[in-house]
Amino acid sequence: MKAVVVGLGKSGLAAVQYLHQQGLKVAVSEFRDQIPEEERAVLEQCDIDPSTGLETGGHTAACFVDADLIVPSPGVPADLPILTAARSRGVPVVGELALAAGRIQVPVIAVTGSNGKTTVTSLIGHLLGSCGKKVFVGVNIGTPILEYLLNPGNAEVVVLELSSFQLEVAGDFRPDIGLLLNLSPDHLDRHGSFEKYATAKMNLFARQGRGDTAIIGMDD
């Protein structure tokens, strides 16, 4: 299978490494004209040929034509024309959370909201650590979730801060405990309307079932 990672940075690089570890052929489409040497080094380690498996300066149809899977980084708009065209051909377009779905072997606490999510995520991690738990805190703060899966260590609980960008392509991701702090108009330039922004946030609970917990700030 061939996967195309759209956009690098921390999340994109972690996706490249994870997909390569899973045995997929990986290509990268990057909007920037220049890629830092440290990022190029990671691509080389993952057997990405800079002449055939890497495009810079934009996203062209040629890079996506034979893709079996497309993984956009959180900063890449979900309605990018090249992604819309891929979906119309039936190609899965999924984010890092979708790739991690079902692969985290310990309880997952996921926090989202328009305001305060970094503080609350950090506080939850601190409280669990103070109780003697080995905690991983990451995604929108700290370490990407796919980087954690590459080196899972001995965490007993995973605590994640999630943005609307990550949740709109979350696929089958399901937290054991989902916490929505609040909602106010934000990132409307990305989502187009408050309703679409709210829908992305509510994806946090979309796959939850019996035994899972949803905590919602109803006073907002």
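What this report covers is the structure whose coordinates are included nearby. (Residues numbered from 1 in each chain as written. Predicted model: local features only at pLDDT ≥ 70, side-chain atom pairs only at ≥ 80, totals over all residues. Heavy atoms only, no water.)

**Let's talk about the overall build of the protein chain**
Then comes step 1: Along its length, the protein chain carries ten helices and nine strands.
Then comes step 2: Relative to the globule expectation of 17 Å for 220 residues, the C-alpha radius of gyration of the protein chain, 18 Å, shows essentially globular dimensions.
Then comes step 3: In terms of overall dimensions, the protein chain has C-alpha extents of about 50 × 40 × 30 Å along its principal axes.
Then comes step 4: In the protein chain, buried positions account for 49% of the 220 residues.
Then comes step 5: Across the protein chain, the fraction of contacts at a sequence separation of at least 24, relative to all contacts at a separation of at least 6, is 66%.
Then comes step 6: Total accessible area on the protein chain is roughly 10800 Å²; 52% of this is exposed by carbon and sulfur atoms.
Then comes step 7: Computed over 17 positive and 25 negative side-chain charges, the inter-centroid distance for the protein chain is 6 Å. (Helix = DSSP H or I, 4+ residues; strand = E, 2+ residues; numbered from the N terminus. Rg over C-alpha atoms; globule rule 2.2 N^0.38 Å. Buried < 20%, exposed > 50% of the residue type's maximum accessible area, 1.4 Å probe, protein only. Contact = heavy atoms within 4.5 Å. Areas by Shrake-Rupley, 256 points an atom, 1.4 Å probe, with all protein chains shown as cover. Lys, Arg positive; Asp, Glu negative; His and termini not counted. Charge placed at Lys NZ, Arg CZ, Asp CG, Glu CD.)

**Some words on the sheet that holds strand 8 (residues 177-180)**
Then comes step 1: The five strands are arranged 6-7-5-8-9 in an open sheet whose pairing can be described as parallel. Only two strands of the sheet have a single neighbouring strand rather than two, namely strand 6 (135-139) and strand 9 (213-216). Between one strand axis and the next, the sheet turns by 15° as a mean value, whatever way the strands run. (Pairing = 2+ DSSP bridges. Axes fitted to C-alpha atoms, helices over the stretch in contact; angles between N-to-C directions.)

**Considering the sheet that holds strand 1 (residues 2-6)**
Then comes step 1: The four strands lie next to each other as 3-2-1-4, forming an open sheet whose pairing is parallel. Strand pairing shows two members of the sheet lacking a second neighbour, strand 3 (54-55) and strand 4 (69-72), which therefore form its edges.
Then comes step 2: Pairing of strand 1 with strand 4 involves four bridges; the strand directions are parallel. The residue bridging Ala3 from the neighbouring strand is Leu69, located in strand 4.
Then comes step 3: Across the sheet, helix 1 (residues 9-21) is in contact with strand 1, strand 2 (25-29) and strand 4; its angle to strand 1 comes to roughly 170°.

**Focus: the pattern of salt bridges**
Between side chains of opposite charge, a pair can form as their charged atoms come close.
Then comes step 1: One pass over the structure, following the stated rule, counts six salt bridges.
Then comes step 2: Between Glu30 and Arg32 there is a salt bridge, with its nearest N and O atoms 2.9 Å apart.
Then comes step 3: Exposure remark for Glu30: the relative accessible area of 5% places this residue in the buried category.
Then comes step 4: The partner of Asp212 in a salt bridge is Arg174, with the nearest N and O atoms 2.5 Å apart. A residue pair is termed long-range when its members are at least 10 positions apart, and Asp212 in the loop between helix 10 (194-202) and strand 9 and Arg174 in the loop between helix 8 (164-167) and strand 8 qualify at 38 residues. (Salt bridge = Lys/Arg side-chain N within 4 Å of Asp/Glu carboxyl O.)

This is a description of form; function is not addressed.
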